[in-house]
Number of protein chains: 2
Amino acid sequence: MARSKNFNFYPVILAGGRGTRFWPLSRKRKAKQLLPLNSNQSMIQETVARLLPLAKAKNFWVITNDDLRVPIAQQLKKLNKKQIIAEPVGRNTAPAIGLAAFLLLREDPAAVLGLFPSDHVVLDLDRFQADMHRAAAIAANGENIVVIGIPPTRAETGYGYIEAGAKSKDGVLQVRRFTEKPDAATAAKFLKAGNYYWNGGIFIWSARTLVNALREHLPKTAALLELIAASYGTKKFAKTLAKLYPQCENISVDYAVAEPRSAKGEGKSGIYCIPASFGWNDLGSWTALYEHRAGQQDENGNVITAKNRFALNAKGNFIYSDKFVAAVDVDGLVVVETDDALLITTLKNSQDVGKVVKYLDEKRIKKLV
Amino acid sequence: MARSKNFNFYPVILAGGRGTRFWPLSRKRKAKQLLPLNSNQSMIQETVARLLPLAKAKNFWVITNDDLRVPIAQQLKKLNKKQIIAEPVGRNTAPAIGLAAFLLLREDPAAVLGLFPSDHVVLDLDRFQADMHRAAAIAANGENIVVIGIPPTRAETGYGYIEAGAKSKDGVLQVRRFTEKPDAATAAKFLKAGNYYWNGGIFIWSARTLVNALREHLPKTAALLELIAASYGTKKFAKTLAKLYPQCENISVDYAVAEPRSAKGEGKSGIYCIPASFGWNDLGSWTALYEHRAGQQDENGNVITAKNRFALNAKGNFIYSDKFVAAVDVDGLVVVETDDALLITTLKNSQDVGKVVKYLDEKRIKKLV
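Residues numbered from 1 in each chain as written. Chains lettered and ligands numbered in written order. Predicted model: local features only at pLDDT ≥ 70, side-chain atom pairs only at ≥ 80, totals over all residues. Heavy atoms only, no water.

Asker: Sorry if this is basic, but what is going on with the overall build of chain A here?
Answerer: When its secondary structure is counted, chain A shows 11 helices and 17 strands. Along the longest, intermediate and shortest principal axes, the C-alpha atoms of chain A span 60 × 50 × 40 Å. The 369 residues of chain A split such that 58% are buried. The long-range share in chain A, meaning contacts at least 24 apart out of those at least 6 apart in sequence, stands at 66%. When the accessible surface of chain A is totalled, it reaches about 15800 Å², and 48% of it is carbon and sulfur. Side-chain charges in chain A split into 51 positive and 35 negative, and the spacing between the mean points of these groups amounts to 6 Å. (Helix = DSSP H or I, 4+ residues; strand = E, 2+ residues; numbered from the N terminus. Buried < 20%, exposed > 50% of the residue type's maximum accessible area, 1.4 Å probe, protein only. Contact = heavy atoms within 4.5 Å. Areas by Shrake-Rupley, 256 points an atom, 1.4 Å probe, with all protein chains shown as cover. Lys, Arg positive; Asp, Glu negative; His and termini not counted. Charge placed at Lys NZ, Arg CZ, Asp CG, Glu CD.)

In structure tokens:
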């Protein structure tokens, strides 16, 4: 795709998330995207690796924060350090991807951007690349916006959904509307309906399209981002970023751009959905990671990372430790041991680990967060 | 008591036990008696400390094994190293206390011995010492044997019981018989009856009485022990001990001496029981230790040794770790973390930890046992 005669493709990787749900493994300076949860590469290393066949290394942009900029640069040696940008404060996805769009537009009026989370699992890399090829080709055309729809496998209430309508002339789906995180009954209805997809946060559009959309829907922020982009490459950039970026609206690109655009109506909004064919998992909790590692379960459904272990009458536990682990007469637990902390909870309630981080934040126990 | 005009008191401390039920904290070279489970002193240090008001330091004998001799000597600086004896092989309590009796008889014909486990908790030291004074005074008389009876607080099936009869002229109880570990129904009957006591393994008798009893009931072993004792203080001692001790019968002093003596009948056997007034706990498992530490429980019944911790919807857990501990949505667990191992089990089944040690023994994973 990088070799298309009409446009160049620019992956913009959002890597500012803290990922508290993998505490105690994840920390402020070692967020989820920096952890090797799916392979011996970290999540962000995998993200870059699967995009490198689609774009030149110099075309990558990474938007992160001050805590993570250096560790991310250390993990991503192939990328240009200057294109790993730390937001002075988190402002959600609209200013982040918007800044990338303004920056690119100055150098490449035909640039096509892909917005990618840095901490999701993709199972089939070939299919992922094929889906992105299709998406970018559509996005290069006019003012089209393409969103990747993840085919839902359960009535999940933790994600936003995309309601798809008819097939377009390109053979992809027209987006009818975006919906917020649903309640359980609505999620069940969505799952049954068959034309709803999870919004996994992957958008593809041209820099021109995105800039125009921001100017239309988020004019104040668009103006600020344009000023910041104008200073890029000069000595004033850091100062300008530090001063203006915090004034940007704190809003997701879905909410700021995609939703209002979709209100123009199916077929008129120019928003298209490509159902992901590649297999996706956002690994949102220890429990999700346990399920993702089904292939590593012993005959009683235990996933134990320790090389040496002994399990007796123990079923369906996820135990993360380098030490010798003995699990006896316990079911459904999550136990995670690091150099300085020991978490003991259950697969059923592992999302509550965020409350531990909240406690540590409140108590200002900084070395543990 | 050491100052009695008629006899000297000699504590013989049995410290050869492995205490696998406190794995992974306990190891072959750091058995339960070496662990500070009840205070900042180890169990054997506490044992010695509560006996020091009753006997001169030079009167103490400790019988242990090769793995523990050096670590015990390091913990018990006040005692004479030569009186910390390592059995070449474990032969249960009869040969151990018997050897001490033969050794003492050579130097002090009026010696009174007390047999003490090295890994039990005593709550009231003054009462303990008063009980021992009474016991030693009775044991110094004729061929009397005194056993300390622990008033039972539950229908425990893990201990032997002492059935007491009438009061003797000394105001202590005559022993009717010793019984093996009972089944649950029998234990309940014993508890209800009121005249049954747990046999906590504390016996007091004169060296003369014990030697005579061994010669009568265990003649082969008595002859071997006499030969070993005769070599004590010579260059041949180590070799003689190594050669002859393994030939001794592997039998408890209860079974070898106390039970056959008691068969002579209440009032004729000369066996007396002093009900312990001092509060006793043998800390036989992580669960027993958890219960013993009731005073350290938080408002939800958690005992967490970590200085810093966060418990949320967590009830009745025992967590042993130096790290920051987060326990969320878990009940009734035992989690013990050491430098090289992590145990996860339940308060209900913590005695099963012995099976972990069995596994490690079988797999010859020596560094973990």
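Asker: Quick question: what am I supposed to make of the relation of the copies chain B and chain A here?
Answerer: The pair of chain copies shares a relation made of a rotation about an axis and a shift along it. Note on the identical chains: chain B maps onto chain A by a rotation of 180° and an axial translation of 0.0 Å, with an RMSD of 0.0 Å. Here the symmetry operator amounts to a two-fold rotation axis. Interface residue correspondence from chain B to chain A reaches 100%, placing this contact among same-surface, isologous pairings. (Least-squares fit on C-alpha atoms with pLDDT ≥ 70 in both.)

Asker: Please explain helix α2 (residues 66-75) of chain A as it appears in this structure.
Answerer: Because each turn of an α-helix spans 3.6 residues, side chains separated by three or four positions in sequence point in the same direction. Residues and elements named next belong to chain A. Taken together, the buried positions of α2 are occupied by L68, P71, I72 and A73. Each element contacted by the buried residues of α2 is listed here: α1 (43-51), β2 (61-65) and β3 (84-87). You can read the cap of α2 off the contacts: a side-chain oxygen lies 3.0 Å from the backbone nitrogen of D67, and it is on N65. (Polar contact = N/O pair within 3.5 Å; in protein donor to acceptor, adjacent residues only side chain to side chain.)

Asker: Would you take a moment to explain empty space enclosed by the protein for this structure?
Answerer: Leftover empty space is mapped by rolling, across the atoms, a probe with the size of a water molecule. Residues and elements named next belong to chain B. Counting across every chain of the model gives four cavities of 30 Å³ or more. Size it by volume and the largest cavity reaches roughly 60 Å³. Lining of the largest cavity is provided by T47, R50, F116, P117, H120, V122, F128, I202 and W280. If you list the elements that add at least two residues to the lining of the largest cavity, you get α1 (43-51) and β4 (112-117). Of the residues belonging to the lining of the largest cavity, the class tally is six nonpolar, two polar and one charged. (1 Å grid on protein atoms, 1.4 Å probe; cavity = no way out; pocket = protein on both sides within 12 Å on 5 of 7 lines; lining within 4 Å. Points joined across faces, edges and corners; volume = space filled by probe spheres on them. Nonpolar A, V, L, I, M, F, W, Y, C, P; charged D, E, K, R; others polar.)

Asker: What am I meant to see in the packing of aromatic side chains here?
Answerer: The description of two aromatic rings rests on the distance between their centres and on the angle between their planes. What the rule picks out here adds up to 36 aromatic pairs over all chains. Seen from their ring centres, Y290(B) and F318(B) are 6.2 Å apart, and the 45° between their planes marks the pair as tilted. Of this pair, Y290(B) sits in helix α10 (residues 286-292) while F318(B) sits in strand β14 (residues 318-320); the two residues are 28 residues apart in sequence, bridging distant segments of the chain. Residue Y290(B) shares its accessibility class with F318(B), and that shared class is buried. An aromatic cluster of at least three residues, connected via ring pairs, comprises F22(A), W286(A), Y290(A), F318(A) and Y320(A). The ring of F128(A) is capped by R50(A), whose NZ or CZ atom sits 5.6 Å from the centre of that ring. (Phe/Tyr/Trp six-rings, centres within 6.5 Å; stacked < 30°, edge-to-face > 60°. Lys NZ or Arg CZ within 6 Å of the ring centre and 35° of its normal.)

Asker: How should the interface of chain B and chain A be read in this particular structure?
Answerer: Where the parts come together, the accessible area they lose is often given as the size of the interface. Listed as interface residues are 33 residues of chain B and, on the opposing side, 33 residues of chain A. Both faces combined, the contact of chain B with chain A buries some 2700 Å², and carbon together with sulfur accounts for 70% of it. When the buried surface of chain B facing chain A is broken down by residue, F324(B), L342(B) and I344(B) rank first, second and third, together holding 25% of it. Inspection of the chain B/chain A interface yields two salt bridges. Between K323(A) and E337(B) there is a salt bridge; the shortest N-O distance is 2.3 Å. The tally of links between chain B and chain A comes to 16 residue pairs in polar contact (both at pLDDT 80 or more). Listed by contribution, the elements that provide at least two residues to the side of chain B that touches chain A are β13 (309-312), β15 (324-328), β16 (333-337), β17 (341-346) and α11 (353-362) of chain B. (Buried area = accessible area lost by both parts, 1.4 Å probe. Salt bridge = Lys/Arg side-chain N within 4 Å of Asp/Glu carboxyl O.)

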